[in-house]
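Report on the structure
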Amino acid sequence: MSSMPAPDITVDGTGLLCVTLLLRLSKEIDGARPDTVVHVIATDPAAPLDLPAWCHMTGHHYLGPVPDNERPVYALRTTAGARPTRAGAPWHTDDREG
């Protein structure tokens, strides 16, 4: 059984609702290199559903929950061709042409 990779970036979303958490996550990983491992601390009960859905929508790889933590932590890996989301609207991809 393989272990969860150590984080390159940790985003603390303690006490945040998922929309605010995703806005913070987007900001924190903006400009991160592909294959960056991100651990997200998320206390919102919707996070186990919202984080994988957001990763699917944007193209990042959801790695799953990180075991053995005091607080709920989830991991993802950034990808090279990830789709950006609209500023202030993390559930909508930014499809505007440059």
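Above this text is the structure in question.
The structure reproduced in this document is the subject of the present report. Only a predicted model underlies this, so the values are computations on that prediction, with no experimental measurement involved. (Residues numbered from 1 in each chain as written. Predicted model: local features only at pLDDT ≥ 70, side-chain atom pairs only at ≥ 80, totals over all residues. Heavy atoms only, no water.)

Turning our attention to the pattern of salt bridges. Counted by the stated rule, this structure contains 1 salt bridge. A salt bridge links Arg71 to Asp12; the nearest nitrogen and oxygen atoms lie 3.7 Å apart. With Arg71 in the loop between β3 (61–65) and β4 (73–77) and Asp12 in strand β1 (residues 9–13), the pair connects residues that are 59 residues apart, well separated along the chain. Using a relative accessible area of 35% as the deciding quantity, one classes Asp12 as partly exposed. (Salt bridge = Lys/Arg side-chain N within 4 Å of Asp/Glu carboxyl O. Helix = DSSP H or I, 4+ residues; strand = E, 2+ residues; numbered from the N terminus. Buried < 20%, exposed > 50% of the residue type's maximum accessible area, 1.4 Å probe, protein only.)

Positive phi, normally seen in glycine, also occurs at Asp35, with a value near 75 degrees. Along the polypeptide, Asp35 turns up in the loop between α1 (18–29) and β2 (37–42). With relative accessibility at 51%, the residue Asp35 sits in the exposed group.

Inspection of every chain in the model, using the stated rule, returns 0 disulfides. Here Cys18 is not cross-linked by a disulfide; its sulfur's nearest cysteine counterpart is in Cys55, at 11 Å. Under the relative-accessibility criterion, Cys18 is labelled buried at 4%. Look at Cys55 and you get buried, because its relative accessible area is 1%. (Disulfide = S-S within 2.5 Å.)

A few words now on the sheet that holds β3. Two orientations exist for strands paired in a sheet by backbone hydrogen bonds: parallel and antiparallel. Read across the open sheet, the 4 strands follow the order β1-β2-β4-β3; overall the sheet is mixed. If you trace the sheet from one side to the other, it starts and ends with β1 and β3, each paired once. Across the sheet, the mean angle separating the axes of adjacent strands is 20 degrees when strand polarity is ignored. Sheet analysis places β1 next to β2, joined by 5 bridges and oriented parallel. Note on β2: the bridge partner recorded for Val11 is Val40. Lying over the sheet, helix α2 (residues 47–58) contacts β2, β3 and β4, oriented at roughly 5 degrees with respect to β4. (Pairing = 2+ DSSP bridges. Axes fitted to C-alpha atoms, helices over the stretch in contact; angles between N-to-C directions. Contact = heavy atoms within 4.5 Å.)

Placed 28 residues apart in sequence, Asp12 and Val40 show a C-alpha to C-alpha distance of 6.1 Å. Residues contacting Asp12, with those up to four places away along its chain left out, are Arg24, Ile41 and Arg71.

Mapped onto the fold, Asp50 is located in helix α2. Despite its burial, Asp50 pairs with no opposite charge, the nearest such side chain being Arg24 at 15 Å. Sequence-distant contacts of Asp50, defined by excluding residues within four places in its chain, comprise Cys18 and Trp91. (Lys, Arg positive; Asp, Glu negative; His and termini not counted.)

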